[in-house]
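Observations on chain architecture
Chain residues, written in single-letter form:
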Amino acid sequence: MPELPEIENLKRSLEPYLPGQRIQSVEVRRSEVIKHPDADSFVRDLCGKQIKSLSRRGKYLRIHMEDGSMLVAHLRMTGRLLYSEPEQAELPHTHLCFQLENGLLRYSDVRRFGCLWLIAPWEDDDFTGMAKLGPEPLEEGFSAACLMQRLSSRKTSIKQGILDQGVIAGLGNIYADEALFEAGILPQRLCSSLRPEEWQTLAAAIPPILNSAIQHRGTSFSDYLDGEGRKGENQMFLMAYQRGGEPCLRCGARMEKTRVAGRGTCFCPRCQK
Ligand SMILES: [Zn+2]
């Protein structure tokens, strides 16, 4: 599933193409990916709208229109937004096609867990889930206190804690494993067992990991592509994720794989305490 760095990279890859363009038509082939409003209103309300800018919140991509309305996309497992020229072949499972003045924006999704919403300028967003998100880890103000305040009394694993989008926005399985490896903390530790200095180490580990993944244009194991259809390269730089059974890149010990918070989880039994 694309996480914060992949969505940030998607945003950056679409930014040269979308702002300033008017949406001329929208072709809907699978209306179930549109969660709000109904598909007919979605098409009617978007046609003629001019795109102003793009932004990201957690794992959500937001396309802002000049009139204040906002197209929101959450790609979940296999969603992809691709900008292309009309003559370029589309990906299989393309469900939506936005015809722009120049080029097309296509939404494809093999498993169809992804969601798109259109929010009118006067509407309160109580349906996308964005209102419940915790702080952005790359914004000023993110600190150990943000994590401690929300997690220090919880009797759940620290991995589950940092996967909670209401605690910190944008981490998924990849970057949770990477952050805990970098911080030297076992993923199965209870939140309530972390000492103050461990919260500090963990909070300090998260932004550099995300920034470095953005520099490498995201992690592409199978599905993730940016808005121009390119794979990222961060999979070559991962220290923990999917490295179970392989030697730790820091100490040489055999990395272990287990399940924490219902997710496949890799860690070094020697480097992580
Ligand atoms: Zn190690």
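Observations concerning the pairing of strand S5 (residues 70-74)
Counting buried residues along S5, 5 of its 5 residues qualify, which places the element largely inside the surrounding structure. The alternating pattern of S5 places Met70, Val72 and His74 on one face and Leu71 and Ala73 on the opposite face, and all of these are buried. Across 5 bridges, the pairing between strand S4 (residues 60-65) and S5 is antiparallel. Opposite Leu61, over in S5, you have Ala73 as the bridge partner. Between S4 and S5, which pair antiparallel in sequence order, lie 4 residues; one of them, Gly68, sits at a positive phi of approximately 95°. Looking at chain direction, S5 and strand S9 (residues 115-119) are connected through 5 bridges and run antiparallel. Within S9, the position partnered with Val72 by the bridge is Trp117.

Describing the domain arrangement of the chain
Domains assigned within the chain are domain 1 (4-130) and domain 2 (144-267). Taking the mean C-alpha position of each, domain 1 and domain 2 sit 28 Å from one another. With 16 residues of domain 1 in contact, the opposing surface of domain 2 contributes 20 residues. Of all the secondary-structure elements, those providing two or more residues to the side of domain 1 that touches domain 2 are helix H1 (4-14) and strand S6 (79-84). The leading source of residues in the side of domain 1 that touches domain 2 is H1, at 8 residues. Of the residues that constitute the side of domain 1 that touches domain 2, the class distribution is 7 nonpolar, 4 polar and 5 charged.

The rules behind each value
Residues numbered from 1 in each chain as written. Predicted model: local features only at pLDDT ≥ 70, side-chain atom pairs only at ≥ 80, totals over all residues. Buried ≥ 20, exposed ≤ 12 C-beta atoms within 10 Å, placed from the backbone. Helix = DSSP H or I, 4+ residues; strand = E, 2+ residues; numbered from the N terminus. Pairing = 2+ DSSP bridges. Domains from an automatic or database assignment. Contact = placed C-beta atoms within 7 Å. Nonpolar A, V, L, I, M, F, W, Y, C, P; charged D, E, K, R; others polar.

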